[in-house]
Amino acid sequence: MSTDFLTDISKTLEEIKADGLYKRERMITSPQGGEIRVGDAAVINLCANNYLGLADHPDLIAAARGVMDDKGFGMASVRFICGTQDIHRELEQRLAKFLGKDDAILFAACFDANGGLFEPLLGPEDAIISDSLNHASIIDGIRLCKAKRYRYLNSDMNDLEAWLKQAREDGARHIMIATDGVFSMDGYLAKLPEIRALADKYDAIVMVDDCHATGFMGATGAGTPEHFGVDVDIVTGTLGKALGGAIGGYIAGPQPVIDLLRQRARPYLFSNSLPPSIVAAGLEAIRLVEEGNGLRAQLFENAKYWRAGLEKLGFDLLPGEHPIIPVMLGEAQLAQDMASRLFDEGVYVSGFFFPVVPRGQARIRTQMNAALTRDELDRALAAFGKVGKELGILS
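Computed from a predicted model, the values in this text were never measured in an experiment.

Conventions adopted
Residues numbered from 1 in each chain as written. Predicted model: local features only at pLDDT ≥ 70, side-chain atom pairs only at ≥ 80, totals over all residues. Heavy atoms only, no water. Helix = DSSP H or I, 4+ residues; strand = E, 2+ residues; numbered from the N terminus. Patch = residues over 30% accessible without salt bridge, like charges linked within 9 Å, V, L, I, M, F, W, Y side chains within 5 Å. Areas by Shrake-Rupley, 256 points an atom, 1.4 Å probe, with all protein chains shown as cover. Salt bridge = Lys/Arg side-chain N within 4 Å of Asp/Glu carboxyl O. Buried < 20%, exposed > 50% of the residue type's maximum accessible area, 1.4 Å probe, protein only. Pairing = 2+ DSSP bridges. Axes fitted to C-alpha atoms, helices over the stretch in contact; angles between N-to-C directions. Contact = heavy atoms within 4.5 Å. Phe/Tyr/Trp six-rings, centres within 6.5 Å; stacked < 30°, edge-to-face > 60°. Lys NZ or Arg CZ within 6 Å of the ring centre and 35° of its normal. Disulfide = S-S within 2.5 Å. Expected span 1.5 Å × (residues − 1). Lys, Arg positive; Asp, Glu negative; His and termini not counted. Polar contact = N/O pair within 3.5 Å; in protein donor to acceptor, adjacent residues only side chain to side chain. Parallel < 35°, antiparallel > 145°, perpendicular 65-115°, else oblique. Left-handed = near helix turned anticlockwise from the far one by under 90°. Nonpolar A, V, L, I, M, F, W, Y, C, P; charged D, E, K, R; others polar.

> Sorry if this is basic, but what is going on with the environment of E331 here?
Looking at the secondary structure, you find E331 in the loop between β12 (324-330) and α14 (332-344). Here the alpha-carbon distance between E331 and V357, two residues 26 residues apart in the chain, equals 11 Å.

Structure (structure tokens):
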């Protein structure tokens, strides 16, 4: 390989490190859970998307292990060749029913689902209006599509309406509004009732990525549309967060949409099917969610207790009702220093900084889950208080 090329790459890496933006991974030596082991250290985990605590649930593990005797380890093929089993369709139909949609289609991850959604459905005659804080997978999926692209300021309904008017004036055949259901860096919920009203006014389609809501938001855990009591047209989501924490994504929506995606969505057509173990565990996760009002109640009780504790200590928090509770620090190096010091105190968190969040808005993003005990939360609050004072964040 070219020496000059590698030199340039190494220079870029050194610049990232010098700016305090270099991301490092710690090696976990235990299952995911409320308390985990990193190397030889036992730490309280406040930075996983394991909202319902299902990542190490014995029923999911048993389902994944048991199905391999009957269905094998992997499919070794894409769906339309010889990679579909009956349980794949069972999971798709269960997801569709759970979300109140006609049908669903599985992908390797929600990044692939969002990457494959837009191009088959929309062409040069159409328009997509995307929230400015949408997930990278939505942004990349839109880039692959030939539709006209517009972007509205985060949750700014006046700006959204202005772009809807512009798209109609530009002669768009179909318009799709694309938004996260939950903006994961902030824990803010999209304004779905207002978005739905504007979509109806301008005859637009509403697409929601509900990765950070499916399984626990809403009366039955069906996500932000259920939480707000509104209908959206297309929902994308993941099995990799509240629904077991492994991998796998999906799109749910009207039957013709799902049928066309099976014909033309490239990540679906050219990626191996999900392994049987993941599918079986996904089915079990949905069963637990459907019976899991206690898990959702515990999740939100933990979130309420944790937020109140951080506020009492004096930390600067973003407001919200979601189990994502960001502690705002401002500078990237401070976020990394705090994460490192908290780890020394037995609390595992991650600092978030540019380019994941805007410059000057670095933070520790804490996330609650139903598996955390009151004792663990109290120990974590004590650690936050101690480290906050040591770093001069708290007086």
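Having seen the structure, we can now continue with the description.
> Explain a nonpolar patch on the surface to me, please; I cannot follow it from the model alone.
A contiguous nonpolar surface patch, about 510 Å² in accessible area, is contributed by M1, F5, L6, I9 and L13. Here L13 lies in helix α1 (residues 3-18). Assessed through its relative accessible area of 37%, L13 is described here as partly exposed.

> Which parts of the structure should I look at to understand the sheet that holds strand β4 (residues 127-131)?
Paired through backbone hydrogen bonds, the strands of a sheet run either parallel or antiparallel to each other. Ordered in space as β3-β11-β10-β9-β6-β4-β5, the seven strands form an open sheet in which the pairing is mixed. Lying at the two open borders of the sheet, with one neighbouring strand each, are β3 (103-107) and β5 (148-152). Averaged over all adjacent pairs, the angle separating strand axes in this sheet is 20°, with direction ignored. Looking at chain direction, strand β9 (residues 205-209) and strand β10 (residues 234-238) are connected through three bridges and run parallel. Bridge pairing in β10 links V208 to V235. Where helix α5 (residues 110-121) meets the sheet, it contacts β3, β4, β6 (175-180), β9, β10 and β11 (249-253), and its direction lies at approximately 155° from that of β10. Across the sheet, helix α10 (residues 255-264) lies against β3, β10 and β11, angled at about 30° from β3, the strand it touches most.

> What's the story with the packing of aromatic side chains in this structure? I'm lost.
The geometry of an aromatic ring pair is captured by two quantities: the separation of the ring centres and the angle between the planes. For the coordinates displayed, the defined rule picks out seven aromatic pairs. Ring geometry for F216 versus F300: centroids 6.3 Å apart, planes at 45°, classification tilted. Here F300 lies in helix α13 (residues 293-313) and F216 lies in the loop between β9 and α9 (224-228), a separation of 84 residues in the sequence. F216 sits in the buried class, given a relative accessible area of 1%. F300 sits in the partly exposed class, given a relative accessible area of 27%. These aromatic residues form a ring-pair network of at least three members: Y51, F216 and F300. When the ring centre of F343 is taken as reference, the NZ or CZ atom of R26 above it lies at 4.0 Å.

> Just to check I follow, could you spell out the state of the cysteines for this structure?
Throughout this description, disulfide means a covalent bond between two cysteine sulfur atoms. The final tally for this structure, using the stated rule, is zero disulfides. We note that C47 lacks a disulfide partner, and the nearest cysteine sulfur, in C211, lies 18 Å from it.

> I'm lost on α1 in this one. Help?
For an α-helix, the turn length of 3.6 residues means that residues three or four places apart are oriented alike. Taking 1.5 Å per residue as the helical rise, α1 with its 16 residues ought to reach 22 Å, and the 22 Å between its terminal C-alpha atoms agrees with that figure. Among the residues trailing α1, G20 stands out with phi positive, at a value near 75°.

> Can you walk me through the side chain of D131 in this structure?
Within the secondary structure, D131 is located in strand β4. No salt bridge forms around the buried D131; measuring N to O, its nearest opposite-charge neighbour R151 is 8.1 Å away. A polar side-chain atom of D131 sits 2.9 Å from a polar atom in the side chain of N154. If we ignore the near neighbours within four places in the chain, the residues touching D131 are R151, Y152, L153, N154, S155, A178, T179 and F183.

> Can you walk me through the packing of α14 against helix α15 (residues 374-390) in this structure?
Helix-helix packing: each pair is described by the crossing angle between the helix axes and the interaxial distance. The interhelical angle for the contact between α14 and α15, taken along N-to-C directions, is 135°, at an axis separation of 10 Å. One finds that α14 runs oblique with respect to α15. Handedness of the α14/α15 crossing: right-handed. Between α14 and α15, the residues in contact are M338, R341 and L342 and A383, F384, K386, V387 and E390, respectively. Here the residues of the contact of α14 with α15 are counted per class, giving five nonpolar, no polar and three charged.

> Just to check I follow, could you spell out the pattern of salt bridges for this structure?
Where side chains of opposite charge bring their charged atoms close, a pairing between them can arise. The full count for this structure, using the stated rule, is 27 salt bridges. With its nearest N and O atoms 3.1 Å apart, the salt bridge here joins D231 to K101. Placement of the pair is D231 in the loop between α9 and β10 and K101 in the loop between α4 (86-99) and β3, with a sequence separation of 130 residues. For E284, the salt bridge is made with R287, and the minimal N-O distance between the two is 2.5 Å. With a gap of three residues between them, E284 and R287 both fall in helix α12 (residues 276-290), about one helical turn apart.

The values reported here are purely geometric and, on their own, carry no functional implication.
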